[in-house]
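The primary structure of each chain is shown beneath.
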Amino acid sequence: MSSLFPLSKTKAGLALAVFSAIIYGFCPAPARAVYADGANAIFVVLIAITVRAVLMGTYCLYKKLPLFAAQTNWKRTIASGFLQALSVFGTMSSLLYLESALTWIILFSHPMIILLIQSWRDKQRLSPLTFGLTGAAFLGLTFVLDVWSTHSDLNSLGVALACLGGLSTAARTYIYGKQLSSLSPFVVGAENYVIGLFFLLFLLLWKQPVPPQSLIGFLWLSVSLASMIIGSFCTFVGIAKMGAFRWSLLSKMELVFVTLFSTVFFGEVLKTSQYLGIVFVLACLVAYQFSEKPQTLGDVKGGP
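A brief report on the enclosed structure follows. (Residues numbered from 1 in each chain as written. Predicted model: local features only at pLDDT ≥ 70, side-chain atom pairs only at ≥ 80, totals over all residues. Heavy atoms only, no water.)

## Looking at the packing of helix 3 (residues 41-62) against helix 9 (residues 185-200)
- Look at helix 3 against helix 9: their axes get within 8 Å of each other, and the N-to-C directions meet at 145°. Judged by the twist between their axes, the crossing of helix 3 over helix 9 is left-handed. Note on element contacts: helix 9 touches helix 3 through Phe-186, Val-187, Gly-189, Ala-190, Tyr-193, Val-194, Gly-196, Leu-197 and Leu-200, opposite Val-45, Leu-46, Ile-49, Thr-50, Arg-52, Ala-53, Met-56, Gly-57, Tyr-59 and Cys-60. (Axes fitted to C-alpha atoms, helices over the stretch in contact; angles between N-to-C directions. Helix = DSSP H or I, 4+ residues; strand = E, 2+ residues; numbered from the N terminus. Left-handed = near helix turned anticlockwise from the far one by under 90°. Contact = heavy atoms within 4.5 Å.)

Following this line, the structure appears as structure tokens:
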């Protein structure tokens with residue numbers, strides 16, 4: 001029976017990855033409605049991380065899972081919370097200077113960065129096939145997002161902020177993998193969001209949060225929050241099952257679903273190249289599942 005456990009664990013991780021991508025892919029649609037109703041990004045960011053911190057913390061209390069216990073690795077915990085805040089700040093700020101497609105394609109370079117970090121920090125063999133499939137999936141995303149047709153200038157500050165978001169997302173996810181080798185996914189999630197919230201409160205020195213201006217806006221906010229909450233729970237459990245790199249690679253599906261949902265909610269018409277990009281990305285992800293042995297928690301232990 002023990003030999004069947006890794007297989008069932010892998011299938012569970014894959015199912016979570018697909019479900020999480022669908023849930024996260026649904027998030028931007030209601031978020032647009034929230035912003036259209038007058039809310040600003042500061043309000044959405046702060047309320048989203050506060051709700052996730054409270055819910056994950058409450059779940060830990062219910063399950064009698066102690067937070068910030070004696071065995072807490074404070075170096076990792078503070079680092080992951082700070083990187084959570086930094087990734088949100090970098091991504092959100094870059095959208096002020098770049099088209100969203102450019103921001104997302106830079107942000108979703110994080111699987112490649114995690115692969116390089118693991119090769120450097122954990123002395124893992126850098127498989128040419130894995131590196132190639134990761135790069136190919138990233139190239140496919142540029143067609144999914146229609147990056148090649150954007151006409152905006154590459155604002156240097158916007159690119160720097162997007163790179164900050166991508167680097168901090170990669171580093172944060174890598175540390176999650178280390179933390180989840182010995183801690184409950186819900187403890188890691190709750191502690192991360194609590195510390196991330198602390199750092200994000202400094203955004204109040206930059207700009208005051210503005211809530212939606214009507215009940216409809218708050219209803220759309222609740223839908224968006226539900227998407228983020230469910231997706232967050234899936235993320236921490238999924239990384240615990242699959243490892244940081246494998247989960248981050250599969251997270252590329254989020255942009256596929258965001259693009260597909262835009263045709264439903266906003267009536268956007270996709271180009272043939274975008275549909276081909278979607279097929280190409282999914283083909284790369286499927287090929288990776290058959291080409292590499294599943295990464296387990298044993299692959300992500302150690303490190304800082």
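Having put the structure on the table, let's press on.
## Thoughts on the nonpolar core
- The biggest cluster of nonpolar side chains holds 65 residues, and the ones touching the most others in it are Leu-200 and Met-253.
- Not counting the four nearest positions on each side in its chain, Met-253 is found in contact with Ala-17, Val-18, Ala-21, Leu-282 and Leu-285.
- Core analysis: the second largest hydrophobic core is formed by ten residues, Cys-27, Val-34, Val-44 and Leu-225 among them. (Core = buried A, V, L, I, M, F, W, Y, C linked by side-chain atoms within 4.5 Å. Buried < 20%, exposed > 50% of the residue type's maximum accessible area, 1.4 Å probe, protein only.)

## Points about the side chain of Lys-252
- Structurally, the position occupied by Lys-252 is in the loop between helix 11 (244-250) and helix 12 (253-265).
- Buried and unpaired, Lys-252 has no salt bridge, with Glu-254 as the nearest side chain of opposite charge at 11 Å.
- Excluding residues that lie within four positions of it along the chain, Lys-252 makes contacts with Phe-108, Pro-111, Thr-134, Ala-137, Phe-138 and Leu-141. (Lys, Arg positive; Asp, Glu negative; His and termini not counted. Salt bridge = Lys/Arg side-chain N within 4 Å of Asp/Glu carboxyl O.)

## Observations regarding a nonpolar patch on the surface
- Where nonpolar side chains cluster on the molecular surface, the patch consists of Leu-215, Ile-216, Phe-218, Leu-219 and Trp-220 and spans about 520 Å² of accessible area.
- If you trace the backbone, Leu-215 turns up in helix 10 (residues 215-242). (Patch = residues over 30% accessible without salt bridge, like charges linked within 9 Å, V, L, I, M, F, W, Y side chains within 5 Å. Areas by Shrake-Rupley, 256 points an atom, 1.4 Å probe, with all protein chains shown as cover.)

## Let's talk about helix 3
- Its 22 residues give helix 3 an end-to-end C-alpha distance of 31 Å, which sits within 8% of 32 Å, the value for a rise of 1.5 Å per residue.
- Every buried residue of helix 3 is listed here: Ile-42, Phe-43, Val-44, Val-45, Leu-46, Ala-48, Ile-49, Arg-52, Ala-53, Met-56, Gly-57 and Cys-60.
- Directly beyond the C-terminal end of helix 3, a positive phi value near 55° is found at Lys-64. (Expected span 1.5 Å × (residues − 1).)

## Details of the packing of aromatic side chains
- As enumerated under the stated definition, the model contains 14 aromatic pairs in all.
- Three or more aromatic residues link up through ring pairs in this structure, and these residues are Phe-82, Phe-198, Phe-199 and Phe-202.
- Across the ring face of Trp-120, the terminal group of Arg-121 is positioned such that the distance to the ring centre comes to 5.5 Å.
- The ring centre of Trp-206 lies 5.2 Å from the NZ or CZ of Lys-207, which sits over that ring. (Phe/Tyr/Trp six-rings, centres within 6.5 Å; stacked < 30°, edge-to-face > 60°. Lys NZ or Arg CZ within 6 Å of the ring centre and 35° of its normal.)

## As for the state of the cysteines
- As enumerated under the stated definition, the model contains zero disulfides in all.
- For Cys-60, which is in no disulfide, the shortest distance to another cysteine sulfur is to Cys-234 and amounts to 16 Å.
- Taking relative accessible area as the criterion, Cys-60 reaches 0% and is therefore assigned buried.
- As a non-bridged cysteine, Cys-234 has Cys-27 as the owner of its nearest cysteine sulfur, 13 Å distant. (Disulfide = S-S within 2.5 Å.)

## Side note on helix 7 (residues 128-144)
- The terminal C-alpha atoms of helix 7 lie 24 Å apart, and with 17 residues this matches the ideal 24 Å at 1.5 Å per residue to within 8%.
- Residues Thr-130, Leu-133, Thr-134, Ala-136, Ala-137, Gly-140, Leu-141, Thr-142 and Val-144 constitute the buried set of helix 7.
- Its buried side turned inward, helix 7 meets helix 5 (100-107), helix 6 (110-121), helix 11, helix 12 and helix 13 (272-291).
- Once helix 7 ends, the next one or two residues include Asp-146, with phi positive near 60°.

## Observations concerning the packing of helix 6 against helix 7
- Running from amino to carboxyl end, helix 6 crosses helix 7 at an angle of 160°, the nearest separation of the two axes being 9 Å. With respect to helix 7, the axis of helix 6 lies roughly antiparallel. At the point where helix 6 passes helix 7, the crossing takes the left-handed sense. Mapping the contact onto sequence places Pro-111, Met-112, Leu-115 and Leu-116 in helix 6 and Thr-130, Phe-131, Thr-134 and Gly-135 in helix 7.
- Among the residues forming the contact of helix 6 with helix 7, the class breakdown is five nonpolar, three polar and no charged. (Parallel < 35°, antiparallel > 145°, perpendicular 65-115°, else oblique. Nonpolar A, V, L, I, M, F, W, Y, C, P; charged D, E, K, R; others polar.)

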